[in-house]
There are 2 protein chains.
Amino acid sequence: MIQTPYLLFLGDAPDQLAAKVAQGIKDWRPENAVGQLRMEGCGADLGIRDMSLEDAQAAGAKTLVIGVANRGGYISKAWKEVLVKALQMGFDIASGLHNLLRDEDELVAAARVNGRTLFDVRIPSVAYPIANGVKRTGKRCLAIGTDCSVGKMYTGLAMDAEMQRRGMKSTFRPTGQTGILITGGGVPLDAVIADFMAGAVEYLTPDNDPDHWDHLEGQGSLFHVSYSGVTMALIHGGQPDALVLAHEPTRTHMRGLPDYALPSLEDLRDTALPMARIANPACQVVGISVNTQKLSDAEAADCLARIEDRMGLPTVDTFRYGAGRLVDALQAI
Amino acid sequence: MIQTPYLLFLGDAPDQLAAKVAQGIKDWRPENAVGQLRMEGCGADLGIRDMSLEDAQAAGAKTLVIGVANRGGYISKAWKEVLVKALQMGFDIASGLHNLLRDEDELVAAARVNGRTLFDVRIPSVAYPIANGVKRTGKRCLAIGTDCSVGKMYTGLAMDAEMQRRGMKSTFRPTGQTGILITGGGVPLDAVIADFMAGAVEYLTPDNDPDHWDHLEGQGSLFHVSYSGVTMALIHGGQPDALVLAHEPTRTHMRGLPDYALPSLEDLRDTALPMARIANPACQVVGISVNTQKLSDAEAADCLARIEDRMGLPTVDTFRYGAGRLVDALQAI
């Protein structure tokens, strides 16, 4: 686990979008972020306190989290000065960048000398077991998509937050870099060795109280030929009690695959549910999460109503309207 | 690619079963094996010429292949003497052992000094791409199982051999250690990083002549929760034109999973075919390969007849009766 709270490093992020990871932490775990550190030329602002390394340390920050995508795929000299100083002061550093902290000799040396840890959250740090398929106690919910990047992580985080508000027992279980940085732990599933994928998911969602819900972050799509194996491992390793179908209604083809049409929500339901029931015969599809970001308010309301009517399941945009109805559906199981 | 022909190293294999990999090479690519090297106490015998390293080199062998599972999971001192001498004489060494050649300092040093290569075929040696899903030319056949270890590799090798006999264009495409050692190349799919599984399968089965068949070695099972993600990646990366259902009729539960029943062949067909048609809408289930090893001749004949009658598809045991009827079915596509 990465130690919290964090100082969020925005570096010289050109715009708000480049600081997406930091934004996710601020939105979902504001208590994890004591402040932001912005360098000259930074075009992003999370609206939280600007802090120097010294300010953040005084405020209790343990880890500097790189909350930004870097330009050109390398860690610049300007960044490195800040990062080395942070290590010298006693911060750990966590990053989800493609280029790894551990490949930067100066950072490795500074971490070693100062007894600090570099967390490259894209790389597994655990030797996961092979899945054993044994039924676990507690309940699990998984969002599965008609495509990649349709709002599965957001859906899981929103359902977890709603359960927390209701005083229910609930944990968000990240399977990607952003989710891992938001919560401080998880499994970078797309970087796990094939034989251990399902075992990594079992490891991530262990036995729990009978009334506890894990919200397992979805990845890929059973219908996305590049990543369907990862989705399959989530379904079988996660042995979910509940599936939420996730969809983006304006997508014209599968992400990155211009020749592949999206499946219908019916196709997704009819494909995923039998697969899920291999690992958990009691699994149900409980609701639908639609990302209506590209629609107007009126269009979104209309889109949700039509899908709900067609599918006979609670259908929401968790960003616009919250996850209350999906949590109601889980409570009814 | 591993250089052929091989000298097959049986070491001190306690019995024939421990020499399964060497047996596979001798059965399927006898032209790849100039002889066998057996040490004192070896209880296995492939029935081919016993050779010293010197004999094998004189006979043209390029690579010493460790065709045996070693005891206790380590490479013994007695083995190491032979392996170091082989490297000094100019052999490469190839191994599918769990404990890697590259982790043995003496072997690494001897390989370096003598300019030889150590092939650990369990470990990918290529940075595979992410799958792009683009339709490829040529045809592909994939055996998919009701369970793991039901004869998928054997089925693929038998169909390839039958096509070769008929003068058809055909290649067996290994996805596991034994298959890779048999043919000299392939993808160790269970050791590939999750995000690149389907891409590795695309890499393994590239564009080819319109009348060429790839026989892609199957792995796992869509119904085996430990490995179903690997199977999924094979189906979507391989974009097969034809599926062969593989089955072992005496299995009482999924391999290693006592709480999981086997699916019926109907379940397998109805689950796998829609998934395969995402990547290749023309995909068909063409036949059934049943491993009747544990049945008498009469029981086997009866079992095959019943399944064929029930499923309406050519149903064979390729070991007992050859793959002719499966190849007939592919020719009819």
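Predicted model only: the values in this text are computed from it and were never measured.

### Focus: the side chain of A:Ser226
Checked against the element boundaries, A:Ser226 lands in the loop between strand E8 (212-216) and helix H8 (228-238). On the basis of relative accessible area, A:Ser226 is assigned to the buried category, the value being 5%. Among residues more than four places away in sequence, those in contact with A:Ser226 are A:Leu257, B:Ile130, B:Ala131, B:Asp195 and B:Ala198.

### Concerning the sheet that holds strand E9 (residues 242-247) of chain A
Residues and elements named next belong to chain A. Read across the open sheet, the six strands follow the order E7-E8-E6-E9-E10-E11; overall the sheet is parallel. The two strands at the open ends of the sheet, each matched to only one other strand, are strand E7 (169-173) and strand E11 (315-316). In the sheet, strand E6 (residues 139-145) pairs with E8 via four bridges, with the strands oriented parallel. What sits directly across from Leu142, in E8, is Leu216. On top of the sheet, helix H10 (residues 297-311) reaches E9, strand E10 (284-290) and E11; it is set at about 165° to E10, its chief contact.

### Notes on the interface of chain B and chain A
Each partner contributes residues to the interface: chain B has 32 residues there, and chain A has 32 residues. Buried surface at the junction of chain B and chain A, summed over both partners, amounts to about 2600 Å²; 62% is from carbon and sulfur atoms. At the boundary of chain B and chain A, one finds zero salt bridges. Here chain B is connected to chain A by 10 residue pairs in polar contact (both at pLDDT 80 or more). Within the residue set of the side of chain B that touches chain A, elements represented by two or more residues are helix H7 (197-204), helix H8 (228-238) and helix H9 (265-279) of chain B. Ranked by the residues each element gives to the side of chain B that touches chain A, the list is headed by H8(B), at six residues. Looking at side-chain class alone, the side of chain B that touches chain A contains 21 nonpolar, nine polar and two charged residues.

### Remarks on the relation of the copies chain B and chain A
One chain copy maps onto the other through a rotation about an axis and a shift parallel to that axis. Superposing chain B onto chain A requires a rotation of 180° together with a translation of 0.0 Å along the rotation axis, leaving an RMSD of 0.1 Å. These values place the two chain copies in the arrangement generated by a two-fold rotation axis. The fraction of interface residues of chain B whose copies in chain A are also interface residues reaches 100%, indicating that both copies meet through the same surface.

### Observations regarding the pattern of salt bridges
Inspection of every chain in the model, using the stated rule, returns 48 salt bridges over all chains. Its salt-bridge partner being A:Asp214, residue A:Arg140 comes within 3.8 Å of it at the nearest N-O pair. Taken together, the residues A:Arg140 in strand E6 and A:Asp214 in strand E8 connect sequence positions 74 residues apart. The exposure classification of A:Arg140 matches that of A:Asp214, with both residues buried. Across the pair B:Glu308 and B:Arg325 runs a salt bridge whose closest N-O atoms are separated by 2.6 Å. Residue B:Glu308 is found in helix H10 (residues 297-311), and its partner B:Arg325 is found in helix H12 (residues 324-331); the two are separated by 17 residues along the sequence. Overall, B:Arg325 belongs to the partly exposed group, its relative accessible area being 38%. Counted as one network, the salt bridges with shared partners bring together A:Glu162, A:Arg165, A:Arg166 and A:Asp328.

### Here we look at the nonpolar core
The biggest cluster of nonpolar side chains holds 93 residues, and the ones touching the most others in it are A:Leu189, A:Leu243, B:Leu189 and B:Leu243. Look past the residues within four positions of B:Leu243 in its chain and what remains in contact with it is B:Leu142, B:Ile144, B:Ala272, B:Leu273, B:Ala276, B:Cys283, B:Gln284, B:Val285, B:Val286 and B:Gly287.

### A look at the domain arrangement of chain A
All names here are of chain A. On domain assignment, one finds that chain A holds domain 1 (6-120) and domain 2 (139-332). Between the C-alpha centres of domain 1 and domain 2 there is a distance of 29 Å. Listed by partner, the interface residues are 12 residues for domain 1 and 13 residues for domain 2. Note on domain 1 versus domain 2: buried area summed over both sides is about 920 Å², and carbon and sulfur give 70% of it. On the domain 1 side of the contact with domain 2, Val21, Trp28 and Arg29 bury the most area, a combined 60% of that side's loss. Connecting domain 1 to domain 2 are one salt bridge. Linking Arg29 and Asp160 is a salt bridge whose minimum nitrogen-to-oxygen distance equals 3.4 Å. Between the two partners, domain 1 and domain 2, sit four residue pairs in polar contact (both at pLDDT 80 or more). Of all the elements in the fold, those that place two or more residues in the side of domain 1 that touches domain 2 are helix H1 (20-28), strand E3 (63-66) and strand E4 (92-95). It is H1 that contributes the most residues to the side of domain 1 that touches domain 2, four residues altogether. Within the side of domain 1 that touches domain 2, the residues separate by chemical class into seven nonpolar, four polar and one charged.

### Looking at the packing of aromatic side chains
Following the criterion strictly, the structure yields eight aromatic pairs over all chains and no others. Their ring planes at 70° and their centres at 5.3 Å tell us that B:Tyr128 and B:Tyr203 sit as a pair that is edge-to-face. In this pair, B:Tyr128 sits in the loop between strand E5 (118-120) and strand E6 (139-145) while B:Tyr203 sits in helix H7, placing the two residues 75 residues apart along the sequence. Classification of B:Tyr203 as partly exposed rests on a relative accessible area of 46%. Taken together, the ring pairs connect A:Trp28, A:Tyr154 and A:Phe319 into an aromatic cluster.

Thresholds applied
Residues numbered from 1 in each chain as written. Chains lettered and ligands numbered in written order. Predicted model: local features only at pLDDT ≥ 70, side-chain atom pairs only at ≥ 80, totals over all residues. Heavy atoms only, no water. Helix = DSSP H or I, 4+ residues; strand = E, 2+ residues; numbered from the N terminus. Buried < 20%, exposed > 50% of the residue type's maximum accessible area, 1.4 Å probe, protein only. Contact = heavy atoms within 4.5 Å. Pairing = 2+ DSSP bridges. Axes fitted to C-alpha atoms, helices over the stretch in contact; angles between N-to-C directions. Buried area = accessible area lost by both parts, 1.4 Å probe. Salt bridge = Lys/Arg side-chain N within 4 Å of Asp/Glu carboxyl O. Polar contact = N/O pair within 3.5 Å; in protein donor to acceptor, adjacent residues only side chain to side chain. Nonpolar A, V, L, I, M, F, W, Y, C, P; charged D, E, K, R; others polar. Least-squares fit on C-alpha atoms with pLDDT ≥ 70 in both. Core = buried A, V, L, I, M, F, W, Y, C linked by side-chain atoms within 4.5 Å. Domains from an automatic or database assignment. Phe/Tyr/Trp six-rings, centres within 6.5 Å; stacked < 30°, edge-to-face > 60°.

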